[in-house]
Amino acid sequence: MYDPEYSLWNEAAPFGGTEERAAAERFLEPVDGIDRLTDVARPTLTFFPVSGRGPHPAVMVCPGGGYEFLAWNHEGRDICGWLNSIGFAAFLLKYRCPDRRKAARADAARAMRFIRFHAESFRIRPDRLGCLGFSAGAHLTASIAAPAEPVPYEPVDETDRMPFRPDYTLLIYPAYLCGDDLAPQPEFRIGSGTPPAFLVQAEDDQVRAENALGWFLALKRASVPAELHLFAEGGHGYGILRSGRPVSDWPQLASGWLRRQANLS
């Protein structure tokens, strides 16, 4: 089945480096079965529709990769397939990298607006649109969920009248969110308008469990609903792969939480 891919920007994207570098996009040499996409200059959304008449709840997926590459299968396409299996339309975000954090944030905000602007044709509910991210993709998700700077880029067309904040977020082994003191980084501003969050991290994650812990505590202090699952072991970067460890059960835990956010029976 063909999954339609949509360009996010009609003209030159903010923060530059789009069409002139589009031909450089490539997958790194695989060493462990993980597809790593890099040199992304032309950001896109790939739509994974769910069966049924709709309108359906939907989730945008942001793969991780340290802003150096995008983990395209086990944190991307495979996640979209899982979301379809539990009744959610899915959108896979291809954001600019490497080392393009401001551009990536603009891409994520634009993508959420694009989905809402075309909600009727996608047969999705614009008020039940979540965002799920892994590692750096979780940081990207947080950057549009609780930004200290509310303007990710200067508006370019009618699409940018739509809100970009997700209605709910899933932050899976998030990176770059909090310091050792558990305080969120200055780029974030968590308050009552921050969307609910589902968080997963392992205590032995080299990226530090403090990221999930600090985000959870900040949400709690702001009276924002949050669910945290902290596992003793599991490491980092497992995505939806089955490792045999308890942390691999996070999709089952997330499934129920997601359906509650979307008011699905």
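Shown above is the structure to which this text applies.
Described in the following lines is the structure provided in the data block. (Residues numbered from 1 in each chain as written. Predicted model: local features only at pLDDT ≥ 70, side-chain atom pairs only at ≥ 80, totals over all residues. Heavy atoms only, no water.)

## Here we look at the environment of phenylalanine 122
Which entries qualify depends on this criterion: Numbering goes from the N terminus for both helices and strands, where a helix is a DSSP run of H or I of at least four residues and a strand is a run of E of at least two. The contact criterion used is simple: two residues touch if any of their non-hydrogen atoms lie within 4.5 Å.
Mapped onto the secondary structure, phenylalanine 122 falls in helix H3 (residues 119-122). Setting aside chain neighbours within four positions, we find phenylalanine 122 in contact with Tyr6, Phe47, Phe91, Phe114 and Ile115.

## Some points on the sheet that holds strand E11 (residues 226-231)
In plain terms, the rule: DSSP bridges decide pairing: two strands pair if at least two such bridges lie between them. Fitted lines through C-alpha atoms give the axes, limited to the stretch in contact for helices. The angle between two N-to-C directions lies from 0 to 180 degrees.
With mixed pairing, the eight strands of this open sheet are ordered in space as E1-E4-E7-E5-E8-E9-E10-E11. At either margin of the open sheet sits one strand with a lone partner, and together these are strand E1 (5-7) and E11. When strand polarity is set aside, the average angle formed by the axes of neighbouring strands in this sheet is 20°. Sheet topology places strand E4 (residues 44-48) next to strand E7 (residues 89-94); five bridges connect them, and they run antiparallel. Bridge pairing in E7 places phenylalanine 47 opposite phenylalanine 91. Its contacts with the sheet place helix H2 (residues 101-117) against E1, E4, strand E5 (56-62), E7 and strand E8 (124-134), and it is angled at close to 155° to E8. Taken strand by strand, helix H4 (residues 136-145) contacts E5, E7, E8 and strand E9 (169-172), and its axis lies near 140° from that of E8.

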